[in-house]
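Now for the letters of each chain:
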Amino acid sequence: MTAFSALARRLRRNLVVIAGLLTLAFLILPNVVVTVFSFNKPNGRFNYDWQRFSTDAWTDPCGVADLCGSLSLSLRIALWSTIGATVLGTLIAFALARYRFRARSSVGSLIFLPMAMPEVVMAASLATLFLNMGISFGFWTILIAHITFCLSFVVTAVKARVMSMDPRLEQAAQDLYATPLQTFLKVTLPIAAPGIVAGALLSFALSFDDFIITNFNAGSTVTFPMYVWGAAQRGTPVQINVIGTAMFAVAVLCVLAGQLLGRRRKRS
Amino acid sequence: MTATATPGTSGTDVRLAGISKTYGDFTAVHPLDLSVPAGSFFALLGASGCGKTTTLRMIAGLEEPTTGTVELAGRDVTALPPYKRSVNTVFQNYALFPHLDIYENVAFGLRRRGIKSVKKQVGEMLDLVQLGDLARRRPHQLSGGQQQRVAVARALINHPDVLLLDEPLGALDLKLRREMQLELKRIQTEVGITFIHVTHDQEEAMTMADTVAVMNAGRVEQLGTPTDLYETPRSTFVANFLGTSNLITADVLDTTGDDILLRAGDTKLTLPATRCTATARTGEKLLVGIRPEKISLTHADDAGTVADGRNRVTGRIAQSSFIGVSTQYLVDSPAGSGLSVYEQNVERDSRLVPGAEVVLHWNPAHTFGLDAAQNIEAGTDVLEAVPDAREAGT
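### Here's the deal with the overall build of chain A
Then step 1. What chain A contains, in helices and strands, is 13 helices and zero strands.
Then step 2. Helices and strands in chain A line up, N terminus first, as α-α-α-α-α-α-α-α-α-α-α-α-α.
Then step 3. Computed over the C-alpha atoms, the radius of gyration of chain A is 24 Å, more than 25% above the 18 Å expected from 2.2 N^0.38 for a compact globule of 268 residues.
Then step 4. Referenced to the eigenvectors of the C-alpha coordinate spread, the extents of chain A come out at roughly 70 × 70 × 35 Å.
Then step 5. Taking all 268 residues of chain A together, the buried fraction comes to 29%.
Then step 6. Taking the contacts inside chain A whose residues are at least 6 apart along the sequence as the reference set, 76% of them involve residues at least 24 apart.

Have a look at this one:
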């Protein structure tokens, strides 16, 4: 009885930690499954039952037709839409945060529309637009569509940062002999950088795994998420798990590196 | 209190000519002429919204004057942007660059001017403000007082013609503020650069500055040494804003001699003609001012012991409050109610309690005369203004 109550007390005391760990497990479990099954050697075409350990897929990640082609296309689109959305979004964020102009508030709310709109609606309307304009579907239509929905995320992240920036910092820079260009490069940009980086990372992730909008505007072009979808109808090659695990590992490494850098900077 | 401005050698004249600033219908600064002697510690004193910060920002180039010109070292810089003026500012709340460490903050100005080897100068400057060992810290890791010193170092390292300080001590607690007042004064004496200091704190202005300009509603009310301003205020605003004054409305009886004779209630007062800034005409009114600490308090029973030739007013103590070094009394009299008297707590007369009949007396030489046609209350309520409220229009 006492042992039980002691245990209960301990549980109660660590309830937050336990709840946190369980949530974390809930989040990570799918990734663990993906990783484990990347070492599977399935009997049929479907990689859903564990058979035996093998590193075949890891040694030959491009072994399946078209997989690496679609992957590299997805990476290229993600890269370019990140660059495009980050540059445009940062400019818009500065304009919205710094200047008063006609229709400023309506621009501010319209920017959020792609974020709030159901993806399928945006996908269909973009497709209609491209069709009516006679633009053939492919790399460029995907890129334009991705920049469109990434923009609002960049604007949100950067605008928050710019709004909270003390305007006197820029005045101080000017007072200390910095020309407007130097002020922007040496003070404004570095201070806004965390917001810009956050927006860019978000853009990359969103663009890389987007399926619905891409599917509507890709034509015969196949991105990685589309490839996975298509493959799942006919069978799931283990290589998909390999790519998934690798992406996850890269993301985790990026986060860890960022944390380490931040900690070292704080300590010095 | 420092008496006179001590012109240094390396400072430069700042001359404002007819400078003004309006925002729409609101006039932040009325056309203003101001000359700051080289190497002096100059204070712009006033309540929030009086235009002192706007004036400072126009000198820095952060605000464009609506009319008038700004001259630095005899050169018209009105059209120059801030980064082309040899002035540096210590901002309210310091505005240190959060993404740079202390060393790089201090080196910022030198680097912008293309100076490559900054190590020696930055080291010297950090030593001057006693922060050498914190060079690699970030601003947010420093205390308020340390951040303040970094802001001073960051500005001074450029050897500007003029250093502008915008409420630099406003964010510090009282004890630290006192320390930093002395520290800033020391630094100013050491580097000999002209300092223009904006503050709403009259004590701060008087302790630090050689010359103080008291501003009110976009105008300079009076300019002079702290002693001048305190002993001979020229307007009710200055009289009330700098310390406390008793202002009594009196009728002018005679203006023929060296002293002006006046009557307030049932008492006659004398005022040296030289200490009256208004034109006194017999039969008209005048405001007679006297500082509370200049007044002596004697119990009515001992009225005979009061020396001849002193101004005397009889009254009754309405209130007294003991504040350690002194006791503050409020006295009602026919000449005026609620007269303030500060008595040192030396050989206190135990009969001086509320309700006691007393004689207030003082040396006529401490009396000052003001034009009666102004608001007697001007400058009394502004003390309650929020200390770090940002000024209108800035």
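### Comments concerning the overall build of chain B
Then step 1. Of the regular secondary structure elements, chain B holds eight helices and 20 strands.
Then step 2. For chain B, the C-alpha atoms occupy an extent of roughly 80 × 45 × 40 Å along the three principal directions.
Then step 3. Counting only residues that meet the buried cut, chain B has 42% of its 394 residues in that class.
Then step 4. For chain B, the share of sequence-separated contacts (at least 6 apart) that also reach a separation of at least 24 residues comes to 69%.

### Describing helix H7 (residues 119-133) of chain A
All names here are of chain A.
Then step 1. For H7, spanning 15 residues, the distance from its first C-alpha to its last is 21 Å, which sits close to the expected 21 Å at 1.5 Å a residue.
Then step 2. Among the residues of H7, Met-122, Ala-123 and Leu-126 are the ones counted as buried. Along H7, the residues classed as buried sweep out an arc of 100 degrees about the axis, all on the same side. Of the exposed residues in H7, the ones pointing more than 90 degrees away from its buried face are Val-120, Val-121, Ser-125, Thr-128 and Asn-132.
Then step 3. Here the buried face of H7 lies against helix H6 (113-116), helix H8 (139-163) and helix H11 (212-217).
Then step 4. Looking one or two residues beyond H7, the residue adopting positive phi is Gly-134, at roughly 75 degrees.

### Remarks on the sheet that holds strand S17 (residues 326-333) of chain B
Residues and elements named next belong to chain B.
Then step 1. The sheet built from five strands is open, its strands ordered S15-S19-S16-S17-S18 with antiparallel pairing. Either end of the sheet is taken by a strand with one partner, and the two such strands are strand S15 (296-299) and strand S18 (336-344). Within the sheet, the average angular offset between the axes of one strand and its neighbour, ignoring direction, is 45 degrees.
Then step 2. By the bridge criterion, four bridges tie S15 to strand S19 (residues 357-362) in an arrangement that is antiparallel.

### Things to note about the packing of helix H4 (residues 67-98) of chain A against helix H10 (residues 180-208) of chain A
Packed helix pairs are specified by the crossing angle of their axes together with the interaxial distance, meaning the distance between the axes.
All names here are of chain A.
Then step 1. The N-to-C vectors of H4 and H10 enclose an angle of 145 degrees; their axes lie 8 Å apart at closest approach. The way H4 lies across H10 gives a crossing that is right-handed. Contact residues: Ser-74, Ile-77, Ala-78, Ser-81, Thr-82, Ala-85, Thr-86, Gly-89 and Thr-90 in H4; Ile-196, Gly-199, Ala-200, Ser-203, Phe-204, Ser-207 and Phe-208 in H10.
Then step 2. Its residues assigned to classes, the contact of H4 with H10 comprises seven nonpolar, nine polar and no charged.

### Quick word on the pairing of strand S14 (residues 285-290) of chain B
All names here are of chain B.
Then step 1. Buried residues dominate S14, accounting for five of its six residues.
Then step 2. As judged from the six bridges shared by strand S11 (residues 246-254) and S14, these two strands associate in the antiparallel manner. In the sheet register, Asn-246 faces S14, and the bridge partner there is Ile-290.
Then step 3. Of the pairings in the sheet, the one linking S14 to strand S20 (residues 368-371) comprises four bridges and is antiparallel in character. Paired with Leu-286 across the strands is Asp-371, a residue of S20.

### A closer look at the interface of chain B and chain A
Then step 1. Tallying the contact residues gives 18 residues for chain B and 16 residues for chain A.
Then step 2. Every element with two or more residues in the side of chain B that touches chain A is listed here: strand S6 (87-90) and helix H2 (102-112) of chain B.
Then step 3. At three residues, the largest contribution of residues to the side of chain B that touches chain A is made by H2(B).
Then step 4. Within the side of chain B that touches chain A, the residues separate by chemical class into 10 nonpolar, four polar and four charged.

### Some remarks on helix H2 (residues 15-37) of chain A
For an α-helix, 3.6 residues make a turn, and residues three or four places apart therefore share a direction.
Then step 1. With 23 residues, H2(A) ought to run about 33 Å at 1.5 Å a step, and its terminal C-alpha atoms sit 33 Å apart, in line with that.
Then step 2. Among the 23 residues in H2(A), one count as buried, and that is only a small part of the element.

### Comments concerning the nonpolar core
Then step 1. Grouped together as the largest cluster of nonpolar side chains are 138 residues, with contacts concentrated most on Ile196(B) and Val288(B).
Then step 2. Here this core gets 12 residues from one element, more than from any other, and that element is H8(A).
Then step 3. Once residues within four sequence positions are removed from consideration, Val288(B) is found in contact with Ile248(B), Ala250(B), Leu262(B), Ala264(B), Leu269(B), Leu271(B), Thr367(B) and Gly369(B).
Then step 4. Listed in part, the nine residues of the second largest apolar core include Tyr227(A), Val238(A), Ile240(A) and Ile243(A).

### A few points about the domain arrangement of chain A
Then step 1. Per the domain assignment, the segments of chain A are domain 1 (1-64 + 237-268) and domain 2 (65-236).
Then step 2. For domain 1 of chain A and domain 2 of chain A, the distance between their C-alpha centres works out to 29 Å.

### Focus: the environment of Ser109(A)
Residues and elements named next belong to chain A.
Then step 1. Looking at where Ser-109 falls in the secondary structure, it is placed in helix H5 (residues 104-110).
Then step 2. Taking the C-beta count within 10 Å as the criterion, Ser-109 has 9 such neighbours and is therefore assigned exposed.
Then step 3. C-alpha separation for the pair Ser-109 and Ser-152, spaced 43 residues apart in sequence, amounts to 9.9 Å.

### Re the domain arrangement of chain B
Residues and elements named next belong to chain B.
Then step 1. Domain boundaries assigned for chain B yield domain 1 (14-236) and domain 2 (237-377).
Then step 2. Each of domain 1 and domain 2 has a C-alpha centre, and these two points are 38 Å apart.
Then step 3. Contact with domain 1, which involves 12 residues of that partner, is made by 18 residues of domain 2.
Then step 4. Broken down by secondary-structure element, the contributors of at least two residues to the side of domain 1 that touches domain 2 are strand S9 (211-216), strand S10 (219-224) and helix H7 (226-231).
Then step 5. Considering only residue class, the side of domain 1 that touches domain 2 consists of four nonpolar, six polar and two charged.

### What to know about the packing of H2(B) against helix H3 (residues 119-128) of chain B
Residues and elements named next belong to chain B.
Then step 1. Between H2 and H3, whose axes approach to 10 Å, the crossing angle comes to 120 degrees. The angle between H2 and H3 places the two elements in the oblique class. Read as a crossing pair, H2 and H3 show a hand that is right-handed. Residues Tyr-103, Val-106, Ala-107 and Leu-110 of H2 touch H3, and the partners they reach there are Gln-121, Val-122, Met-125 and Leu-126.
Then step 2. Across the contact of H2 with H3, the residue classes break down as seven nonpolar, one polar and no charged.

Rules used throughout
Residues numbered from 1 in each chain as written. Chains lettered and ligands numbered in written order. Predicted model: local features only at pLDDT ≥ 70, side-chain atom pairs only at ≥ 80, totals over all residues. Helix = DSSP H or I, 4+ residues; strand = E, 2+ residues; numbered from the N terminus. Rg over C-alpha atoms; globule rule 2.2 N^0.38 Å. Buried ≥ 20, exposed ≤ 12 C-beta atoms within 10 Å, placed from the backbone. Contact = placed C-beta atoms within 7 Å. Expected span 1.5 Å × (residues − 1). Arc of directions from axis to C-beta. Pairing = 2+ DSSP bridges. Axes fitted to C-alpha atoms, helices over the stretch in contact; angles between N-to-C directions. Left-handed = near helix turned anticlockwise from the far one by under 90°. Nonpolar A, V, L, I, M, F, W, Y, C, P; charged D, E, K, R; others polar. Core = buried A, V, L, I, M, F, W, Y, C linked by C-beta atoms within 7 Å. Domains from an automatic or database assignment. Parallel < 35°, antiparallel > 145°, perpendicular 65-115°, else oblique.

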